[in-house]
Amino acid sequence: MSRKIEKTDAEWRAQLSPTQYEVTRKKGTERAFTGEYWNCWDKGEYRCVCCGAPLFHSEHKFDAGCGWPSFWTAAAPENVDSAEDRSHLMHRTEVLCHQCGGHLGHVFEDGPAPTGLRYCINSASIRFDPENSGSDTE
């Protein structure tokens, strides 16, 4: 699969925090209930921490009780890829950023209607852009 953004390992290490690097480039996972966004309910958009691609929106977020930000759909499905993950003696579906290949988390089929999906996403793999709460003045 061809990526739009490709960087060397050294470039990713220079750009990302150690936790962001471990999660997004080495397919790590943050501990449940420790990430910055697991309990964030502000309105806005979640973007890839590596490349800024829009991925999820707060209107699709729900409390799955799992300790990670959970979404029932991707806000920009064309920016989210999936791949089979058989690590840790499990069979799961990994979620990746389409533009840079960053590991985001996993998607499960135990979410709410209308999709029945639960995108379980590491806070370290996303950044939150709040909606503009004020009115624009010129």
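Going by an unreviewed UniProt entry, the chain carries the name Peptide methionine sulfoxide reductase MsrB and comes from Aromatoleum diolicum. Database annotation for the chain, UniProt heading Sequence similarities (unreviewed entry): "Belongs to the MsrB Met sulfoxide reductase family." Listed in UniProt under the heading Catalytic activity (unreviewed entry), the comment for the chain reads: "L-methionyl-[protein] + [thioredoxin]-disulfide + H2O = L-methionyl-(R)-S-oxide-[protein] + [thioredoxin]-dithiol".

A. Spatial organisation of the overall build of the chain. Summing up its helical and strand segments, the chain has two helices and nine strands in all. The principal-axis extent of the C-alpha atoms belonging to the chain is close to 50 × 35 × 30 Å. Across the 138 residues of the chain, 44% fall into the buried class. For the chain, the share of sequence-separated contacts (at least 6 apart) that also reach a separation of at least 24 residues comes to 53%. Treating the 15 positive side-chain charges of the chain as one cloud and the 21 negative ones as another, the clouds have centres 6 Å apart.

B. Representation of the pairing of strand β7 (residues 103–108) within the structure. For β7, the tally of buried residues reaches five of six residues, placing the bulk of the element in the interior. Relative to β7, strand β6 (residues 92–97) runs antiparallel, the two being bridged by four bridges. Looking at β7, one finds that L96 is bridged to H103. Taken together, β6 and the strand that follows it, β7, pair antiparallel across an intervening segment of five residues, in which G101 is found at a positive phi of about 80 degrees. In this structure, β7 lies alongside strand β8 (residues 118–121), joined through four bridges in antiparallel fashion. Counterpart to F108 in the pairing with β8 is R118.

Definitions and limits used
- Residues numbered from 1 in each chain as written.
- Predicted model: local features only at pLDDT ≥ 70, side-chain atom pairs only at ≥ 80, totals over all residues.
- Heavy atoms only, no water.
- UniProt positions renumbered as here; feature names shortened; annotations may be inferred.
- Helix = DSSP H or I, 4+ residues; strand = E, 2+ residues; numbered from the N terminus.
- Buried < 20%, exposed > 50% of the residue type's maximum accessible area, 1.4 Å probe, protein only.
- Contact = heavy atoms within 4.5 Å.
- Lys, Arg positive; Asp, Glu negative; His and termini not counted.
- Charge placed at Lys NZ, Arg CZ, Asp CG, Glu CD.
- Pairing = 2+ DSSP bridges.

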